[in-house]
Protein chains: 2
Amino acid sequence: MIRISKKVEYALMALKFISQSDNKLVTAREISDTKKIPYDLLSKILQKLKNENILISNQGTNGGYSLNKRTDEIYLFNLMNMLDGDVAVADCMHEAKEKDCSLEDSCSIKSEVAKLQKEVEDVFKNKTISDFV
Amino acid sequence: MIRISKKVEYALMALKFISQSDNKLVTAREISDTKKIPYDLLSKILQKLKNENILISNQGTNGGYSLNKRTDEIYLFNLMNMLDGDVAVADCMHEAKEKDCSLEDSCSIKSEVAKLQKEVEDVFKNKTISDFV
DNA sequence: TCTAATTTGGACTAATATAGTCCTATTTGA
DNA sequence: TCAAATAGGACTATATTAGTCCAAATTAGA
Ligand code: SF4
Ligand code: SF4
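As the structure is a prediction and not an experimental result, all values here were calculated from the model. (Residues numbered from 1 in each chain as written. Chains lettered and ligands numbered in written order. Predicted model: local features only at pLDDT ≥ 70, side-chain atom pairs only at ≥ 80, totals over all residues. Heavy atoms only, no water.)

Chemist: Explain the interface of chain B and chain A to me, please; I cannot follow it from the model alone.
Modeler: How big an interface is tends to be expressed through the accessible area that disappears when the partners come together. Contacts between chain B and chain A engage 42 residues on the former and 42 residues on the latter. Of the roughly 3,900 Å² buried between chain B and chain A on both sides combined, carbon and sulfur atoms contribute 63%. Seen at the junction of chain B and chain A, the total is six salt bridges. With a shortest N-O distance of 3.6 Å, Lys-6 of chain A and Asp-91 of chain B are connected by a salt bridge. Going through the elements one at a time, helix 1 (6–19), helix 2 (28–35), helix 4 (76–84) and helix 5 (110–125) of chain B are the ones with two or more residues in the side of chain B that touches chain A. A per-element tally of the side of chain B that touches chain A places helix 5 of chain B first, with seven residues. Of the residues assigned to the side of chain B that touches chain A, the class counts are 24 nonpolar, four polar and 14 charged. (Contact = heavy atoms within 4.5 Å. Buried area = accessible area lost by both parts, 1.4 Å probe. Salt bridge = Lys/Arg side-chain N within 4 Å of Asp/Glu carboxyl O. Helix = DSSP H or I, 4+ residues; strand = E, 2+ residues; numbered from the N terminus. Nonpolar A, V, L, I, M, F, W, Y, C, P; charged D, E, K, R; others polar.)

Chemist: What's the story with the packing of helix 4 (residues 76–84) of chain A against helix 5 (residues 110–125) of chain A in this structure? I'm lost.
Modeler: Angle between the axes and distance between the axes: these two values describe a pair of packed helices. Residue and element names in this part refer to chain A. Running from amino to carboxyl end, helix 4 crosses helix 5 at an angle of 105°, the nearest separation of the two axes being 6 Å. Taken together, helix 4 and helix 5 sit at an angle that is classed as roughly perpendicular. Contacts from Leu-76, Phe-77 and Met-80 of helix 4 reach helix 5 at Glu-121, Phe-124 and Lys-125. Here the residues of the contact of helix 4 with helix 5 are counted per class, giving four nonpolar, no polar and two charged. (Axes fitted to C-alpha atoms, helices over the stretch in contact; angles between N-to-C directions. Parallel < 35°, antiparallel > 145°, perpendicular 65-115°, else oblique.)

Chemist: Is there a simple way to explain the environment of Arg-3 of chain A in this structure?
Modeler: Structurally, Arg-3 of chain A is set in the segment before helix 1 (6–19). When its relative accessible area of 32% is taken as the criterion, Arg-3 of chain A is described as partly exposed. Beyond its immediate stretch of four places on either side in the chain, Arg-3 of chain A contacts Met-1, Ile-2, Ala-88, Val-89, Ala-90 and Asp-91 of chain B. A distance of 3.2 Å separates the side chain of Arg-3 of chain A from the side chain of Asp-91 of chain B, its partner in a polar contact. (Buried < 20%, exposed > 50% of the residue type's maximum accessible area, 1.4 Å probe, protein only. Polar contact = N/O pair within 3.5 Å; in protein donor to acceptor, adjacent residues only side chain to side chain.)

Chemist: I tried to follow the packing of aromatic side chains on my own but got confused; where do I start?
Modeler: Aromatic ring pairs are defined here through the distance separating the ring centres and the angle between the ring planes. A full pass over the atoms with the stated rule returns zero aromatic pairs over all chains. The cationic tip of Arg-29 of chain A hangs over the ring face of Tyr-39 of chain A; the distance from NZ or CZ to the ring centre is 3.9 Å. Here Lys-125 of chain B stacks its cationic end above the ring of Phe-77 of chain B, 4.8 Å away from the centre of that ring. (Phe/Tyr/Trp six-rings, centres within 6.5 Å; stacked < 30°, edge-to-face > 60°. Lys NZ or Arg CZ within 6 Å of the ring centre and 35° of its normal.)

Chemist: Help me understand the site of ligand 2 in this model?
Modeler: Taken together, Lys-6, Glu-9 and Met-13 of chain A together with Ala-90, Asp-91, Cys-92, Cys-101, Glu-104, Cys-107 and Val-113 of chain B are the residues near ligand 2. More than a single chain frames ligand 2: its nearby residues are located in chains A and B. In terms of residues, the shell around ligand 2 owes the most to one element, helix 1 of chain A, which gives three residues. Classifying every residue of the shell around ligand 2 gives six nonpolar, no polar and four charged. (Near = heavy atom within 4 Å.)

Chemist: It is not clear to me how helix 3 (residues 39–51) of chain A should be interpreted in this structure. Could you clarify?
Modeler: The α-helix winds at 3.6 residues per turn, so residues separated by three or four positions along the chain end up facing the same way. Residues and elements named next belong to chain A. Across its 13 residues, helix 3 extends 18 Å between first and last C-alpha, which sits within 8% of the 18 Å expected from 1.5 Å per residue. Taken together, the buried positions of helix 3 are Leu-42, Ser-43, Ile-45, Leu-46 and Leu-49. The arc that holds the buried residues of helix 3, viewed along the axis, is 165°, so those residues lie on one side. Those residues of helix 3 that are exposed and angled more than 90 degrees off the buried face are Asp-40, Lys-44 and Asn-51. Against the buried residues of helix 3 lie helix 1, helix 2 (28–35), strand 1 (55–58), strand 2 (64–67) and helix 4. Within two residues after helix 3, Asn-53 carries a phi angle of roughly 65°, on the positive side. (Expected span 1.5 Å × (residues − 1). Arc of directions from axis to C-beta.)

Chemist: When you look at the pattern of salt bridges in this model, what are you seeing that I'm missing?
Modeler: Charged atoms that come close allow side chains of opposite charge to pair. Within this structure, the stated rule accounts for 20 salt bridges over all chains. The partner of Lys-24 of chain B in a salt bridge is Glu-30 of chain B, and the shortest N-O contact between them spans 4.0 Å. The class of Glu-30 of chain B is partly exposed, set by a relative accessible area of 29%. Here the salt bridges share partners, and the residues they tie into one network are Arg-3, Lys-6 and Glu-9 of chain A together with Asp-91 of chain B.

Chemist: Looking at this structure, I do not really get the site of ligand 1. What am I missing?
Modeler: Near ligand 1 you find Ala-90, Asp-91, Cys-92, Cys-101, Glu-104, Cys-107 and Val-113 of chain A together with Lys-6, Glu-9 and Met-13 of chain B, and these make up its full shell. It is helix 1 of chain B that provides the largest number of residues to the shell around ligand 1, a total of three residues. Along the lines of polarity and charge, the residues of the shell around ligand 1 split into six nonpolar, no polar and four charged.

See the structure below:
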């Protein structure tokens, strides 16, 4: 059904929220409350973004998150990769070859699927967080 | 993870196969055997395509399927719709509003997601079976 | 030094979607 | 009448996505 996962949506909302908070640290709780995002899930997402150097985190009382990149340096394509794994329109299109397709031998559409992959990738590679702010 | 379902892949292979069979009727068994597609699943797909007037079917001995449209009249976008339901990058983007998002009130990214939806749709609307043949 | 606010992170469960199977009926040419 | 085929409902299995639970570590401030 070709969709953006909730994780990615939550990440987009969170990054937008943080980018609009003028350098002030933002807590997971704040975002969760104002955007109605499940707290635990959001926490995981922010941690991931921190580990991927999209965010900087400060632990402890008065802690929170802040951006570590400009919004136009954060690509939707990369976000999707971080949070959901490879953006691949078919099993055979994964970068890492863990997921092979058992039909690869008899497959008659692989090269066309590859073109499609390219076109879909381009859509997501051409969007950054700044498009969402 | 943004992918084309197996159903759609199987449909593409089947339609390609049929289109290359020079007006001769093609059976589900033939396609299933040569393309290694699970027979029962493929049958369902072909039946669906018949009900959607993409294929014509002939029952009984010597029966089989043939195309009811030119390959350049069969859009990937429509195939996906038929077989998997709405192509929607997010819950709120479904045509029929069965699937609403509970966050719609607090959502800060909906309009940008709508743009994305449009771009993704365009990719699939600009591909027909003829691109796969 | 204690406490509350916070991030960190593993393990788990629940819900949903996708893929595949099974079974029976119907149609039809030979 | 038989065998080859489509038709289609109901079901099961698998995988993915979404969400929850719990315990630990960090840190500012009282
Ligand atoms: S069926 Fe063909 S296109 Fe689809 S995943 Fe397998 S090899 Fe790739
Ligand atoms: S979170 Fe926003 S963009 Fe996503 S489905 Fe809900 S309303 Fe649409």
